[in-house]
Amino acid sequence: MRPIALTSAAVALAALAGCASRTTATDDHAGIDHGTTASATSATSAQQVGGIPADNAGAPARLAASPRHGEWVMIPTNGTGGTDSLRAWVVYPERRDKAPVVLVVHEIFGLTPWVRGVADQLAADGFIAIAPDLLSGKRPPGYLDDKPDTARSIIQTLRPADVQSNLDLVARYGMALPAAQPKYGIVGYCWGGSTVWNHAVHAGSRLAAGVVYYGGSPDAQRIVDSVKAPILGLYGSNDARVNSTIPRADSAMKQIGRPYTVQVYEGAGHGFLRQQDGQAGANMTATREAWPRTIAFFRERLR
């Protein structure tokens, strides 16, 4: 199956944009199957595919076998969001020169092993990857991936301003690392994809690049007023609710002359990178094409 490149002229706007345009945690994913219970097929297929992140079932084994240095850190927040520190997972690439930084924004399920696995793959591809736990201070550490409703209910209590302030702190922390270049990008999935859009609005020219995986776009005027960074958007065709927000972003980015590259993968569903065995093989096809595109985009924009 081939990815479909979309422009504002090629995408028909759905009658309802859904709630993906809001900035609260109820933006995305309520009632959507992200593959939290993965099948035996995914456990044996994606885990063995090199060069792309493991799927949900394969992530723990991939992390355990990783040769890269990953560590938990606590980043001071000065009380932002009602907590004094933000927990984050940092993974370093194996390279002799300084690396650009990529923030990894988790789904509505929180900082799961799968998200940490995505960070590890970004490090394998040459970036310092930092995945912040945006639920820090909201529940005890050690959140389990098999309790997605817990994270979803907590995320609904987060203040968008606090989320963005915490991402600012993580970006500054990352760029101040001795092994880091003073430039950062951001990638997010589902709720995290919408959060990437909102961070592009919030950060303006401080952000070098953003990658949105199946996350709803903000209101067009917010994009026009504030977005400076180029954005890569990666979507599954079987996700009309989120995809209905693409045209307004495409039109807004064209209006201000900012790059917005869109790929919609035919037959793939929402959450395809996590649930790679879904949609009769289309999710894996999308994953195999979307991940190299992500890496090429960051290498171009963060060099």
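Above this text is the structure in question.
Reading guide: rules and limits
Per-chain numbering applies: the sequence of each chain, read as written, is numbered from 1 onward. The predicted nature of this model means local features are confined to residues of pLDDT at least 70 and side-chain atom pairs, given and counted, to a pLDDT of 80 or more, with totals for whole chains, interfaces and linings taken over all residues. The side-chain numbers reported here are obtained from all heavy atoms of the structure, hydrogens and water having been left aside. In these notes, a set of buried Ala, Val, Leu, Ile, Met, Phe, Trp, Tyr and Cys residues joined through side-chain atoms within 4.5 Å is what counts as a nonpolar core. Any residue under 20% of the maximum accessible area for its type is buried, any over 50% is exposed, and the rest in between are partly exposed; the area is computed with a 1.4 Å probe on protein chains only. Helical segments are the DSSP runs of H or I of at least four residues, strand segments are the runs of E of at least two, and each set is numbered from the N terminus. Contacts between residues were defined by any pair of non-hydrogen atoms, one from each residue, lying within 4.5 Å. Axis geometry follows a simple rule: fit a line to the C-alpha atoms, using only the stretch in contact for helices, then measure angles between N-to-C directions, giving values from 0 to 180 degrees. For classification purposes, angles smaller than 35 degrees are called roughly parallel, those larger than 145 roughly antiparallel, those between 65 and 115 roughly perpendicular, and all remaining angles oblique. Pairing between two strands requires that DSSP report at least two bridges joining them.

**Structural notes on the nonpolar core**
Right, on to step 1. Counting residues in each nonpolar core, the largest one holds 50 residues, and the members touching the most others are Leu103, Ile128, Ile130, Trp191, Trp197, Tyr235 and Tyr260.
Right, on to step 2. In terms of residue count, helix 6 (residues 191-203) provides more of this core than any other element does, six residues in total.
Right, on to step 3. Residue contacts for Tyr260: discarding those within four places in its chain leaves Trp197, Ser217, Ile231, Gly233, Tyr235, Ile246, Ala249, Asp250 and Met253.
Right, on to step 4. With 39 residues, the next largest nonpolar core counts Ala59, Ala209, Val211 and Tyr214 among its residues.

**Some details on the packing of helix 5 (residues 160-175) against helix 6**
The relative placement of two packed helices is expressed as an angle between their axes plus a distance between the axes.
Right, on to step 1. Running from N to C, helix 5 and helix 6 point in directions that differ by 75°, and their axes come no closer than 10 Å. As far as their axial angle goes, helix 6 and helix 5 are roughly perpendicular. Of the residues in helix 6, those touching helix 5 at Val163, Gln164, Leu167 and Asp168 are Trp191, Thr195, Asn198, His199 and His202.

**Looking at the pairing of strand 3 (residues 85-91)**
Right, on to step 1. Burial runs high along strand 3: seven of the seven residues are buried.
Right, on to step 2. Neither face of strand 3 is left uncovered, since the one carrying Ser85, Arg87, Trp89 and Val91 and the one carrying Leu86, Ala88 and Val90 both have all their residues buried.
Right, on to step 3. Looking at chain direction, strand 2 (residues 70-76) and strand 3 are connected through seven bridges and run antiparallel. Bridge pairing in strand 3 links Gly70 to Val91.
Right, on to step 4. Note: strand 3 against strand 5 (residues 128-132), four bridges, orientation antiparallel. If you follow Val91 over to strand 5, its bridge partner there is Ala129.

Read these as geometric descriptors, not functional statements.
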